[in-house]
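One letter stands for each residue in the lines below.
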Amino acid sequence: DAGVIQSPRHEVTEMGQEVTLRCKPISGHNSLFWYRQTMMRGLELLIYFNNNVPIDDSGMPEDRFSAKMPNASFSTLKIQPSEPRDSAVYFCASSLWDRAEKLFFGSGTQLSVL
Amino acid sequence: GESVGLHLPTLSVQEGDNSIINCAYSNSASDYFIWYKQESGKGPQFIIDIRSNMDKRQGQRVTVLLNKTVKHLSLQIAATQPGDSAVYFCAEKWAQKLVFGQGTRLTINP
């Protein structure tokens, strides 16, 4: 298996623009997690899905952030409008529901909002 | 995990020595405690976990110790190698969510 695949690898955008981050989880995994990593706040859980259904979005910072999982093999995290403080590395991770302690992370998307 | 700030705690060890990385956790209701390794430019990678009803678990060159009395978790790496250079995160699992600590940077001196 290729592992969790995220795209793009790097994204540079201007404040106010819409940003869409994409994730393909490992085939057979039924849980998907979006994390954000910054030096100041470390790794923060934004939202997670089980069987394509959002279970907990309490970590989503504002209404500007939204996430979808239309099917078992694809998820998106959208920021609209983007702000400089959204600059971070965004990770997607997947797991089996009953082994959520063992997350498989993608390589991340480095987002820079100018 | 704890500590907030711009600078990660750093542990420097000599190649071949044993490394011990420590972590304090906060939630007594967590059912699993886990260690992840993050190399530069990559996502975190699972190393080893321990259930809350255990106090020690061993893997290949790694041992995790859990002290619930003082809410302390440690990762021991035997015979540290250059490939062990990374940031190590402890995490606790509660209600299907992993909460990560701030991390410790491990550097290996030749």
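Residues numbered from 1 in each chain as written. Chains lettered and ligands numbered in written order. Predicted model: local features only at pLDDT ≥ 70, side-chain atom pairs only at ≥ 80, totals over all residues. Heavy atoms only, no water.

Once that is clear, we can look at the overall build of chain B. Within chain B, the secondary structure is distributed over zero helices and 10 strands. Along chain B, helices and strands appear, N-terminal first, in the series β-β-β-β-β-β-β-β-β-β. Compactness check: chain B gives a C-alpha radius of gyration of 13 Å against a globular reference of 13 Å for 110 residues, within 12% of the reference. Considered along the principal axes of its C-alpha atoms, chain B spans approximately 40 × 30 × 25 Å. For chain B, the residues scored as buried account for 44% of the 110 residues in total. Partitioning the intrachain contacts of chain B with sequence separation of at least 6 by distance along the chain shows that 53% fall at a separation of at least 24. (Helix = DSSP H or I, 4+ residues; strand = E, 2+ residues; numbered from the N terminus. Rg over C-alpha atoms; globule rule 2.2 N^0.38 Å. Buried < 20%, exposed > 50% of the residue type's maximum accessible area, 1.4 Å probe, protein only. Contact = heavy atoms within 4.5 Å.)

Taken as a whole and judged by the stated rule, the model has 16 salt bridges over all chains. Notably, a salt bridge pairs Arg36(A) with Glu44(A), separated by 3.3 Å at the nearest N-O pair. Of the two residues examined, Arg36(A) and Glu44(A), each falls in the buried class. A salt bridge links Arg57(B) to Asp49(B); its shortest N-O distance comes to 2.5 Å. Among the residues examined, Arg57(B) registers a relative accessible area of 36% and is labelled partly exposed. The network of salt bridges with common partners includes Arg99(A), Glu101(A), Asp31(B), Asp49(B), Arg57(B) and Lys93(B). (Salt bridge = Lys/Arg side-chain N within 4 Å of Asp/Glu carboxyl O.)

Taken together, the contacts link 21 residues of chain B with 23 residues of chain A. Counting each side, the surface lost to burial between chain B and chain A is near 1,800 Å², with a carbon and sulfur contribution of 56%. The closest approach of N and O atoms between Glu101(A) and Lys93(B), which form a salt bridge, is 3.9 Å. Where chain B meets chain A, there are nine residue pairs in polar contact (both at pLDDT 80 or more). (Buried area = accessible area lost by both parts, 1.4 Å probe. Polar contact = N/O pair within 3.5 Å; in protein donor to acceptor, adjacent residues only side chain to side chain.)

What follows covers the state of the cysteines. Formally, a disulfide is one covalent bond, and it connects the sulfur atom of one cysteine to the sulfur atom of another. Residues and elements named next belong to chain B. Summed over all chains, the structure comprises two disulfides over all chains. A sulfur-sulfur separation of 1.7 Å characterises the disulfide bridge that pairs Cys 23 with Cys 90. Classification of the bridge connecting Cys 23 and Cys 90 rests on its S-S torsion, roughly 45°, and on that basis the disulfide is right-handed. Of this pair, Cys 23 sits in strand β2 (residues 19-24) while Cys 90 is found in strand β8 (residues 86-94), placing the two residues 67 residues apart along the sequence. Judged by its relative accessible area of 7%, Cys 23 is buried. Owing to a relative accessible area of 7%, Cys 90 belongs among the buried residues under this scheme. (Disulfide = S-S within 2.5 Å.)

Residues and elements named next belong to chain A. Across the two faces of strand β11 (residues 109-113) the burial differs, with Thr 109, Leu 111 and Val 113 buried and Gln 110 and Ser 112 not buried at all. Note: strand β2 (residues 10-13) against β11, four bridges, orientation parallel. Opposite Val 12, over in β11, you have Ser 112 as the bridge partner. Summarising the sheet, strand β9 (residues 88-95) and β11 pair through three bridges and their orientation is antiparallel. (Pairing = 2+ DSSP bridges.)

All names here are of chain A. Strand direction decides the pairing type here: strand β5 (residues 42-50) and strand β6 (residues 53-56), joined by three bridges, are antiparallel. Bridge pairing in β6 places Tyr 48 opposite Asp 56. Where β5 folds back on β6, the antiparallel hairpin that results is connected by two residues, among which Asn 51 adopts a positive phi of roughly 50°.

Looking now at the sheet that holds strand β8 (residues 74-79) of chain A. Backbone-to-backbone hydrogen bonds pair the strands of a sheet. The strands run either parallel or antiparallel. Residue and element names in this part refer to chain A. Across the sheet, four strands lie side by side as β1-β3-β8-β7; this open sheet has antiparallel pairing. The sheet terminates laterally at β1 (5-7) and β7 (65-71), the two strands that pair on one side only. On average, each strand axis in the sheet is inclined to that of its neighbour by 15°, with strand direction left out of account. Of the pairings in the sheet, the one linking strand β3 (residues 19-24) to β8 comprises five bridges and is antiparallel in character. Opposite Val 19, over in β8, you have Ile 79 as the bridge partner. (Axes fitted to C-alpha atoms, helices over the stretch in contact; angles between N-to-C directions.)

Turning our eyes to something else, we now look at unusual backbone geometry. All names here are of chain A. Cis rather than trans, the peptide bond between Ser 7 and Pro 8 has omega equal to -5°. With an omega of -5°, the peptide bond between Gln 80 and Pro 81 qualifies as cis. Assignment of secondary structure puts Pro 81 in the loop between β8 and β9. Positive phi, normally seen in glycine, also occurs at Asn 51, with a value near 50°. Among the structural elements, Asn 51 can be located in the loop between β5 and β6. The backbone of Asn 52 shows a phi angle near 75°, a positive value even though the residue is not glycine. Relative to the helices and strands, Asn 52 is located in the loop between β5 and β6.

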